[in-house]
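Single-letter residue listing:
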Amino acid sequence: MSTSAETIALPRRLPGDLAMWFFILAELSVFALLILAFTVAQALYPQVFSEGRQLLDRSTGLAMTLSLLTAGLFAALAQEQVRQDRPRRGALLLCVALLLACGYVGIKLAEYAHLLANGLGMEHNTFFTLYWILTGFHFLHVLLGMVILAWLAEGCRRRRYGAQEHSGLESGVLYWHMVDLVWVLLFPVVYILD
Amino acid sequence: MSASPVLIACWMALAVLSTGTVALGQVAASGLVSIAILAVAVTKAWLIADGFMELRHAPQLWRRLVLSWAVVLAIAISFTL
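As the structure is a prediction and not an experimental result, all values here were calculated from the model.

S.K.: Outline the overall build of chain B, supporting the account with residue identities and numerical values.
M.R.: Helix and strand content of chain B: three helices and zero strands. A principal-axis box enclosing the C-alpha atoms of chain B has dimensions of 45 × 25 × 10 Å. Put simply, chain B has 81 residues, and 37% of those count as buried. Considering only residue pairs separated by 6 or more positions, chain B has 56% of its internal contacts joining residues 24 or more positions apart.

So, in structure tokens, the structure goes:
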């Protein structure tokens, strides 16, 4: 039998728990509303948003994007190792993902500190009100994602996950990918699109 | 077959597209550039959904739901620009 025939014969499978997918859809809907609120406000106050955006550093935004996406890669690689019954290797890869996520947190906190030092807090203008709400809400999701990654790494270290049991791990890793998914739309809206 | 090459290829494409987004942002703002930036964002969402989240192997309903989130949101954003 050819490889392609085998591929076609494979049943379609939704990774992780079904509940996690409903949770992801709910989260995506909330972020969609927030992102749209941001862009509608931009349409109403284009000058304020253009000036506000010029005070943000795009290279910082790019560095955060690469940190998040690379963490996502390592989380996915960890998942693959666990499926091949190598949970200890999976734990190591999850720790690398966690370190990369720490990189994002460090850059984001530095950006927040820089803005606050320049008096660009939440009450500065409409742009910064929505900037802080949108990126702050996403930042909280990143922090929760990091707690989940750490929990998964510990679970792998204790061999709680393996080739036979990895649905919980898949759900946790999916949450991290959801955080990435939101960021790829949020990043251009906040940092780039004038 | 190992999934690693697929994951690494997705990550490389995501890194290139992210850099491309910033490069497009340097170009003088116009409707066409904005559409291009949104198209890149949707492509990145597709890479994450089908590559990292493995929706390419999932039931079509879930795959379409997640992909349509990115597409519909990008279209809605384009109307506000």
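S.K.: Break down unusual backbone geometry for me, citing the residues and quoting the values.
M.R.: For Asp85(A), which is not glycine, the phi torsion reads 60° and is therefore positive. Its place among the elements puts Asp85(A) in the loop between α4 (58–83) and α5 (87–117). Residue classification places Asp85(A) among the partly exposed positions, given that 14 C-beta atoms sit within 10 Å. Even without a glycine there, the phi angle at Glu54(B) is positive, about 60°. With respect to the helices and strands, the residue Glu54(B) is situated in the loop between α2 (31–52) and α3 (60–80). Residue class for Glu54(B) comes out buried when judged on the 23 C-beta atoms lying within 10 Å of it.

S.K.: Could you give me a rundown of the interface of chain B and chain A, with the residues and numbers involved?
M.R.: Size of an interface: often given as the accessible area lost when the parts come together. Opposite the 34 residues of chain B that make contact, chain A presents 36 residues. When residues of the side of chain B that touches chain A are traced back to their parent elements, those giving at least two are α1 (4–26), α2 and α3 of chain B. The dominant element in the side of chain B that touches chain A, judged by the number of residues it contributes, is α1(B), at ten residues. Of the residues belonging to the side of chain B that touches chain A, the class tally is 24 nonpolar, eight polar and two charged.

S.K.: Could you give an account of the environment of Gly136(A), naming the residues involved and the relevant values?
M.R.: All names here are of chain A. With respect to the secondary-structure elements, Gly-136 resides in helix α6 (residues 126–157). Owing to 13 C-beta atoms within 10 Å, Gly-136 belongs among the partly exposed residues under this scheme. Sequence separation between Gly-136 and Val-40 is 96 residues; the distance between their C-alpha atoms is 19 Å.

S.K.: Tell me about the nonpolar core, residues and numbers included.
M.R.: Formed by 79 residues in total, the largest nonpolar core has its most connected members in Phe74(A), Ala75(A), Leu94(A), Ala97(A), Leu149(A), Leu185(A) and Ala45(B). Of all the secondary structure elements, the ones that give two or more residues to this core are α2 (18–44), α4, α5, α6 and α7 (167–192) of chain A together with α1, α2 and α3 of chain B. Considering each element in turn, this core owes the most residues, 18 residues, to α7(A). With near-sequence residues (within four places) excluded, Leu185(A) lies in contact with Ile35(A), Ala41(B), Ala45(B), Ala70(B) and Leu73(B).

S.K.: Describe in detail the packing of α4(A) against α5(A), supporting the description with residues and values.
M.R.: All names here are of chain A. It is the contact of α4 with α5, at a shortest axis distance of 8 Å, that shows an interaxial angle of 165°. In this view, α4 runs roughly antiparallel relative to α5, as classed from their interaxial angle. Of the two elements, α4 crosses α5, and the hand of that crossing is left-handed. Its residues assigned to classes, the contact of α4 with α5 comprises 18 nonpolar, six polar and three charged.

S.K.: Account for α2(B), naming residues and giving values.
M.R.: Helix length check: α2(B) (22 residues) gives 31 Å between terminal C-alpha atoms against 32 Å at 1.5 Å per residue, within 8%. What α2(B) keeps buried is the set Ile37(B), Leu38(B), Val40(B), Ala41(B), Lys44(B), Ala45(B), Trp46(B), Leu47(B), Ile48(B), Ala49(B), Gly51(B) and Phe52(B). Those residues of α2(B) that are buried lie in contact with α4 and α7 of chain A together with α1 and α3 of chain B. Just downstream of α2(B) lies Glu54(B), where phi reads positive at about 60°.

What counts, and at which threshold
- Residues numbered from 1 in each chain as written.
- Chains lettered and ligands numbered in written order.
- Predicted model: local features only at pLDDT ≥ 70, side-chain atom pairs only at ≥ 80, totals over all residues.
- Helix = DSSP H or I, 4+ residues; strand = E, 2+ residues; numbered from the N terminus.
- Buried ≥ 20, exposed ≤ 12 C-beta atoms within 10 Å, placed from the backbone.
- Contact = placed C-beta atoms within 7 Å.
- Nonpolar A, V, L, I, M, F, W, Y, C, P; charged D, E, K, R; others polar.
- Core = buried A, V, L, I, M, F, W, Y, C linked by C-beta atoms within 7 Å.
- Axes fitted to C-alpha atoms, helices over the stretch in contact; angles between N-to-C directions.
- Parallel < 35°, antiparallel > 145°, perpendicular 65-115°, else oblique.
- Left-handed = near helix turned anticlockwise from the far one by under 90°.
- Expected span 1.5 Å × (residues − 1).

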